[in-house]
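# Architecture and fold: a report
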Amino acid sequence: MTVPFPLPDASPAELGLDPGRLEALCARIEADIAAGHHSGAQLAIARHGRLALHRSFGEARPGVKATAETLWLLYSNTKVLTAAALWLLAERGALRLSDTVAEHLPGFETGGKGGITFIELLTHQAGFPSAEVPAEAWEDPAKLRQVVCDFSLEWAPGSLVRYHPASAHWVAAAVIRAVTGEDHRVFLRRNIIEPLRLERELFVGLPEAEVPRVADMRDVDGSVRMPEGSLAHRAAGIPGGGGYGTARAMAAFYQALLGGGALAGRRILSPRTIEYAVRNYTGDRPDEYNGMPMHRGLGPHLRGTTPAIRGLGAIAHPSTFGHGGVGSSYCWADPASGVSFAFLSNTRQSEEFHGPRMDTLSTMAHAAIIS
C-alpha cells in the first residue's frame, strides 16, 4: 500500500503566491542549467501544509532525466535533521540542551572539552571545526565514540563561532547512541522521518535498493564526486552531511517545524521546543568560516536583520530559518508567512557562484508571497 505524501497539492494562487513570479523563479533555474552551472535540480515550495510547487529540472545523471522520484544528496541540510533528534531527546527528558556533552558521553571531556554544552555544539562554537571521522569509524560505534572523544580543541569553546562542517554532528550521533542505544540513522527514521510519512523520500542512511533513484553529485568540471558516490558513503548517513531526499520532503519537514512540530496531524516535536531551537544564540557575531553573521540557532541559522545572509534570501523576514548544502542546495522556513522552500541540485559549485545564486533564488521565492 502506497502511503500518500503528507502535503496535498494546491495551486500557488490558492496559497497566496504569485504564479508568474514562481514561473520566473523556475526559469532562472532552467537558465542556470542551460549555462552549465549544474545538470539537474529540484524545487519545492509549500505553505500552510499544502504543496504549491514541486518541479524537477534537467538530468539526475547523464542521459537520465530528473523526476519527482529522484533523490538528491542533502549535504549539510542533514544537520537540521540530526539536531532535531537532540531536540526530541531534550523534550523527553533524556538530556538538557544546556547540559555538557560529557554528561551524556563520558570520555568526551578529554583534552579540555568537558565544558562544551549542546548549545555550543549545535551553534558551531565547540572549538574543533577541522576534526574528522575516518571512514572506518562510520559503521563501528566503539571506534566512532573513541574518535569523537579524542577530538582536539583548536580554540577555547565558546570564544568563536566557526562552522563545523562535519565534526559537531558526529558527536551528536555518538550521543544519540549513548543515550538511546540506537544508531542515529535508526533513531531518525523511527522518530522523525516515519512519523511524518516521509520514509519514501527522506533518508539518513540510504538503503542500497534506493541507489538507482539517486542523482550523481558532480564537481564543477562535471566529474562525479567521491566518496559521495560510493555505497559506503551513501549508507553511512553522515549526520552532518550525508542525508538524501526530495525537495518536497524537505519542504514538508520544514512545514512540520512551522506547524509547531506537527504535520498532517502527526506530531514529532512540541511548539515550545521549536521556539527554543530557532532562537538566535550567536547574535551578530561573525562566523569565522565565511566572515558574516549567521545568527545560529540549534541546528538551523536565521535571517536576522544584518544587511546580508547566506542562502535564506536578502528580503526574507528576520525570523526565517534554514540551512544549506555546500555549493548545491538550501532549505528554509518563514514563520511570518508559513512558506517553506527547498532547492536541491547535483553539482557542488563554488561559493562564488552558489552564494549569490541562492540569495537570488530565495529572494525570488520570498517576492512571490503576495498575501
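Our structure's up above, just so we're on the same page.
Everything numeric here is computed off the predicted structure, so don't read it as measured data.

### Side note on the overall build of the protein
A tally of regular secondary structure across the protein gives 10 helices and 16 strands. For a compact globule of 371 residues, the expected C-alpha radius of gyration is about 21 Å, and the protein comes in at 19 Å, within 12% of that figure. Projected onto the principal axes, the alpha-carbon positions of the protein cover approximately 55 × 45 × 40 Å. Within the protein, the fraction of its 371 residues that count as buried is 58%.

### Observations concerning the sheet that holds strand β14 (residues 329-334)
Strand order in the open sheet formed by 7 strands is β3-β2-β1-β15-β14-β13-β12, with antiparallel pairing between adjacent strands. Edge positions in the open sheet fall to β3 (64-65) and β12 (301-302), since each of these has one partner strand only. Relative to strand β2 (residues 50-61), strand β1 (residues 40-47) is paired through 8 bridges, and the arrangement is antiparallel. Residue pairing for β2: arginine 47 is matched across the bridge by arginine 50. Sitting on the sheet, helix α8 (residues 247-258) touches β1, β2, β13 (321-325), β14 and β15 (339-345), and the angle it makes with β15 is about 150°.

### Notes on the pairing of β2
Linking β1 back to β2 in an antiparallel pair, the connection comprises 2 residues, with histidine 48 at a positive phi of about 50°. Where β2 meets β3, 2 bridges bridge the pair, whose relative direction is antiparallel. Counterpart to arginine 61 in the pairing with β3 is valine 64. Counting the residues in the hairpin turn of β2 and β3 gives 2 residues, including glycine 63, whose phi is positive at 80°.

### What to know about the packing of helix α1 (residues 19-34) against helix α10 (residues 351-367)
Packed helices, taken two at a time, are described by the angle between their axes plus the distance between the axes. Viewed as axis vectors pointing N to C, α1 and α10 meet at an angle of 160°, and their least axial separation amounts to 8 Å. As judged from the angle between their axes, α1 and α10 are roughly antiparallel. At the point where α1 passes α10, the crossing takes the left-handed sense. Each of Arg21, Ala24, Leu25, Arg28, Ile29 and Asp32 in α1 lies in contact with α10, whose residues at this interface are Phe353, Arg357, Thr360, Leu361, Met364, Ala365 and Ala367. Residue composition of the contact of α1 with α10, grouped by class: 8 nonpolar, 1 polar and 4 charged.

### Some thoughts on the packing of aromatic side chains
The relative placement of two aromatic rings is captured by the distance of their centres and the angle of their planes. Overall, the coordinates contain 7 aromatic pairs when judged by the stated rule. Aromatic side chains tyrosine 254 and phenylalanine 321 sit 6.1 Å apart centroid to centroid with 45° between the ring planes, which places their arrangement in the tilted category. Placement of tyrosine 254 in helix α8 and of phenylalanine 321 in strand β13 is noted, with a sequence separation of 67 residues between them. According to the relative accessible area criterion, phenylalanine 321 is buried, its value standing at 2%. Three or more aromatic residues joined by ring pairs form one cluster here, namely Phe108, Phe128 and Phe151. Sitting over the ring of phenylalanine 108, lysine 113 keeps its end group 5.1 Å from the ring centre.

### Some remarks on the nonpolar core
Ranked by size, the top nonpolar core spans 81 residues in total, and within it Leu86, Trp87, Val171 and Phe253 carry the most contacts. With residues up to four places along the chain from it excluded, the contact list for tryptophan 87 reads Val80, Leu97, Leu257, Leu269, Thr273, Ile274, Ala277, Leu298 and Pro300. Counting residues in each nonpolar core, the second largest holds 26 residues, with Leu43, Phe57, Phe341 and Met358 among its members.

### Description of the pattern of salt bridges
Enumeration according to the criterion identifies 23 salt bridges in this entry. Ionic pairing is found between arginine 185 and aspartate 183, a salt bridge with its closest N-O pair at 2.7 Å. The class for aspartate 183 is buried, based on a relative accessible area of 14%. Each of the salt bridges in this network shares a partner with another, and the network as a whole consists of Glu69, Arg200, Glu210 and Arg213.

### Regarding the pairing of β1
Looking along a regular strand, one sees the side chains alternate between the two faces of the sheet. When you tally the buried positions in β1, you get 8 out of 8 residues, the bulk of the element. Judged by which residues are buried, β1 turns out to be covered on both faces: Gly40, Gln42, Ala44 and Ala46 on one side and Ala41, Leu43, Ile45 and Arg47 on the other are all buried. In this sheet, β15 lies alongside β1 in antiparallel orientation, the contact comprising 7 bridges. What sits directly across from alanine 44, in β15, is alanine 342.

### Quick notes on the side chain of arginine 248
Locating arginine 248 in the fold gives a position in helix α8. Beyond its immediate chain neighbours, meaning those up to four positions away, arginine 248 contacts Phe5, Leu7, Gln42, Ala44, Leu51, His54 and Glu201.

### Side note on the packing of helix α2 (residues 78-91) against helix α6 (residues 184-193)
Running from N to C, α2 and α6 point in directions that differ by 75°, and their axes come no closer than 10 Å. One way to sum up the angle between α2 and α6 is to call them roughly perpendicular. Together, Leu81, Thr82, Ala84, Ala85, Leu88 and Leu89 of α2 and Phe187, Leu188, Asn191 and Ile192 of α6 make up the contact between the two elements. Among the residues making up the contact of α2 with α6, the classes are represented as 8 nonpolar, 2 polar and no charged.

Reading the values: the criteria
Position numbers for residues start from 1 in each chain and track the written sequence from start to end. Side-chain atom pairs in this predicted model are given and counted only at pLDDT of 80 or more, local residue features only at pLDDT of at least 70, and totals for whole chains, interfaces and linings cover all residues. Where side-chain values are given, they derive from all heavy atoms of the structure, hydrogens and water being excluded. Secondary structure counts use DSSP, requiring at least four H or I residues in a row for a helix and at least two E residues in a row for a strand, with both numbered from the N terminus. Only C-alpha atoms enter the radius of gyration; for comparison, a globular chain is expected to reach 2.2 Å times N to the power 0.38, where N is the number of residues. Using a 1.4 Å probe on the protein chains alone, a residue whose accessible area is under 20% of its type maximum counts as buried, one over 50% counts as exposed, and one in between counts as partly exposed. Only strands that DSSP links by at least two bridges are regarded as paired with each other. Residue contacts are counted whenever heavy atoms from the two residues lie within 4.5 Å of one another. Only the contacting stretch of a helix is used when fitting its axis, a line to C-alpha atoms as for every element, and angles between N-to-C directions run 0 to 180 degrees. When describing relative orientation, an angle under 35 degrees is termed roughly parallel and one over 145 degrees roughly antiparallel, while 65 to 115 degrees is termed roughly perpendicular and anything else oblique. Left-handed describes a crossing whose near helix is turned anticlockwise from the far helix through less than a right angle; right-handed describes the clockwise counterpart. Polarity classes work like this: nonpolar for Ala, Val, Leu, Ile, Met, Phe, Trp, Tyr, Cys and Pro, charged for Asp, Glu, Lys and Arg, and polar for all others, with Gly in that last group. The aromatic pairing rule takes the rings of Phe, Tyr and Trp, using the six-membered ring of Trp, and pairs them if the centres are within 6.5 Å, calling planes under 30 degrees apart stacked, those over 60 edge-to-face and the rest tilted. Note on geometry: a ring has a charge over it if NZ (lysine) or CZ (arginine) is within 6 Å of the ring centre and within 35 degrees of the ring normal. In this description, a nonpolar core means a group of buried Ala, Val, Leu, Ile, Met, Phe, Trp, Tyr and Cys residues linked to one another through side-chain atoms lying within 4.5 Å. Any Lys or Arg side-chain nitrogen found within 4 Å of a carboxyl oxygen on Asp or Glu counts as a salt bridge.

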